[in-house]
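Coordinates in review
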Amino acid sequence: MTEPSGQEWDEGGPERLYVITGGRSGSSAPTELDLVTLIVATSGPRPGMQPEQADIVRICHRPLSVAEISAHLGLPVSVVTVLLSDLLAEQRVTARPPVPPAQLPDIALIEAVINGLQKL
């Protein structure tokens, strides 16, 4: 895209990222988002929504991690985090920690079960 000054608009340039985030480098409200936090949309995009936020709402009809959202949109994680914090504040998305790995039972318990089964 050519700007009125005759210069090309750099889609990946810092100016675009500045515009997308409104000049913010962090969220306006404290949020606990990391790369593996799962995001799910609570509703569809609304008219007048910022295009990048609408894209997030569209792709998050199923749980996606912050890192996956960043990759899908081709935006830095820091920018996605700012956008997600706005969507969280508006309750357009929900965030949840990833499902923790199952807790393994004590090795002594497993051995006792195996020994009991062998005696049958």
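Our structure is the block above this text.
A few points on the structure. For clarity, every value in this text was computed on a predicted model and none was experimentally measured. Here the residue numbering is sequential within each chain, running from 1 through the sequence in written order. Two thresholds apply to this predicted model, a pLDDT of at least 70 for residue-level local features and 80 or more for giving and counting side-chain atom pairs, whereas whole-chain, interface and lining totals are computed over all residues. Calculation of side-chain values draws on the structure's entire complement of heavy atoms; hydrogens and water are dropped beforehand.

**Section: the overall build of the protein chain**
The helix and strand labels rest on DSSP assignments: H or I over at least four residues marks a helix, E over at least two residues marks a strand, and numbering proceeds from the N terminus. A count of helices and strands for the protein chain gives 5 helices and 3 strands. Seen in sequence order, the protein chain has helices and strands lined up from the N terminus as α-β-α-β-α-α-β-α. Between buried and exposed lies partly exposed: a residue is buried under 20% and exposed over 50% of the maximum accessible area for its type, with that area taken using a 1.4 Å probe on protein chains only. Counting over 120 residues, the protein chain shows a buried share of 28%. Look at the contacts in the protein chain between residues 6 or more apart in sequence, and 65% of them connect residues 24 or more apart. Contacts: residue pairs with any heavy atoms within 4.5 Å of one another.

**Thoughts on the pattern of salt bridges**
Salt bridge, as applied in this entry: a Lys or Arg side-chain nitrogen positioned within 4 Å of an Asp or Glu carboxyl oxygen. Following the criterion strictly, the structure yields 2 salt bridges and no others. Of the charged contacts, one joins glutamate 90 and arginine 46 as a salt bridge, the two residues approaching to 3.4 Å between their closest N and O atoms. Within this pair, whereas glutamate 90 is found in the loop between α4 (77-89) and β3 (93-96), its partner arginine 46 is found in the loop between β1 (38-41) and α2 (51-59), the two being separated by 44 residues in sequence. Looking at glutamate 90, the relative accessible area reads 38%, which means it is partly exposed. What makes arginine 46 partly exposed here is its relative accessible area of 31%.

**Quick word on the packing of α2 against helix α3 (residues 66-73)**
Angle between the axes and distance between the axes: these two values describe a pair of packed helices. Look at α2 against α3: their axes get within 11 Å of each other, and the N-to-C directions meet at 120°. By the criterion of interaxial angle, the relationship of α2 to α3 is oblique. Crossing angle aside, the handedness with which α2 passes α3 is right-handed. Residue-level inspection shows Glu52, Asp55, Ile56 and Ile59 of α2 in contact with α3, the latter providing Ile69, His72 and Leu73. Following the grouping adopted for this structure description, the nonpolar residues are Ala, Val, Leu, Ile, Met, Phe, Trp, Tyr, Cys and Pro, the charged ones are Asp, Glu, Lys and Arg, and the polar ones are all others, Gly among them. Looking at the contact of α2 with α3, its residues break down into 4 nonpolar, 1 polar and 2 charged. Each axis is a line fitted through C-alpha atoms, and for a helix only the stretch in contact is used; angles between axes span 0 to 180 degrees, taken between their N-to-C directions. An angle below 35 degrees is read as roughly parallel, one above 145 as roughly antiparallel, one from 65 to 115 as roughly perpendicular, and any other as oblique. A crossing counts as left-handed when the near helix is turned anticlockwise from the far one by less than a right angle, and as right-handed when that turn is clockwise.

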